[in-house]
Every structure is written in C-alpha cells, then in structure tokens.
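# Inside the fold
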Amino acid sequence: MGKFKRVPTPYVIERLEDGRAIRIQWEEQGHVATYRGRDLRLACGCAACVEEGSGDPILDPSAVPDDVRALAVRLVGQYAVHFAWSDGHSTGIYPYERLLEICPCEACVTERAIEGE
C-alpha cells in the first residue's frame, strides 16, 4: 500500500443508490472512493468466501446478484467496516487497509498499475 504511510480512517461512509454503491471519504480532507456494492461483496475475505488455508476464493461470483446492496454499514472498532448484504451475507468485515488496497479511485488504480510494472 504505497501512498499511505499509515492507514487512514473513514471520515464519512455513505450508502448510495439504495446501497448499490458505497462512498468513503478517507480522513477529513482525504480522497474519496466510490465502490460498487457487488465489487465489495465479491471482495469479502471471511471464511465463507475465502479458503482459510490457501486464501483461494470459495465464493462463486455468479452467485452474487449484480444488484446486491449493502443494507447496513457499521464500523468495527478502529480498523474495519462491516456490511450486511441483501443476498443474506453478513459475516465479513473489511479492514480499512483492504478497502484501500482495492480502492477504485483513478489515483489508486493508476498507482497500483505503476507498482505492478
């Protein structure tokens, strides 16, 4: 996670489009990222979605509806966000560091592409 010296915390988390998208503003003056709900749902790292030993995905992407929505959002301590999803899934937590690793904003996507070269 190159551009952050420490893991920022969300300043504002908003459900958009009835939960089909989530916007996170990192820090009071920080950057803003809008995540598609389905992309977040597919990124769940819980034991029901990812094989614990290997880290391989268990979740079949075809089982997640295109219009999956975050019905509820809550903070977990000072390190993660929990989502309750419209497909019934609600066991995963999303550490801030992981959310930043998959940040879909243009600056983060560009940085990951440069780091991957």
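See above for the structure.
Residues numbered from 1 in each chain as written. Predicted model: local features only at pLDDT ≥ 70, side-chain atom pairs only at ≥ 80, totals over all residues. Heavy atoms only, no water.

## Structural notes on the pattern of salt bridges
- All chains considered together, the criterion is met by seven salt bridges.
- Put simply, R41 and D87 hold a salt bridge, and the shortest N to O gap is 2.8 Å. Of this pair, R41 sits in helix α1 (residues 37-42) while D87 sits in the loop between β5 (80-85) and β6 (93-95); the two residues are 46 residues apart in sequence, bridging distant segments of the chain.
- Given the relative accessible area of 30%, D87 is considered partly exposed.
- For E101, the salt bridge identified is with R98, shortest N-O distance 3.9 Å. Residue E101 and its partner R98 are located together in helix α2 (residues 96-101), separated by three residues, close to a single helical turn.
- Its relative accessible area of 37% is what places E101 among the partly exposed residues.
- One connected set of salt bridges, linked through shared partners, spans R15, D18 and R69. (Salt bridge = Lys/Arg side-chain N within 4 Å of Asp/Glu carboxyl O. Helix = DSSP H or I, 4+ residues; strand = E, 2+ residues; numbered from the N terminus. Buried < 20%, exposed > 50% of the residue type's maximum accessible area, 1.4 Å probe, protein only.)

## Re the sheet that holds strand β2 (residues 21-26)
- Read from one edge of the open sheet, three strands run β1-β2-β3, paired in antiparallel fashion. Each having just a single partner strand, β1 (10-16) and β3 (32-36) make up the two edges of the open sheet. The average undirected angle you get between the axes of adjacent strands in this sheet is 20 degrees.
- In terms of strand pairing, β2 meets β3 through five bridges, oriented antiparallel. Across the sheet, the residue bridging to I24 is A33, located in β3. (Pairing = 2+ DSSP bridges. Axes fitted to C-alpha atoms, helices over the stretch in contact; angles between N-to-C directions.)

## Notes on the environment of R6
- Position of R6 among the secondary structure elements: in the segment before β1.
- R6 gets classed as exposed once you look at its relative accessible area, which sits at 52%.
- Along the chain, R6 and E97 lie 91 residues apart, while their C-alpha atoms are 9.2 Å from each other.

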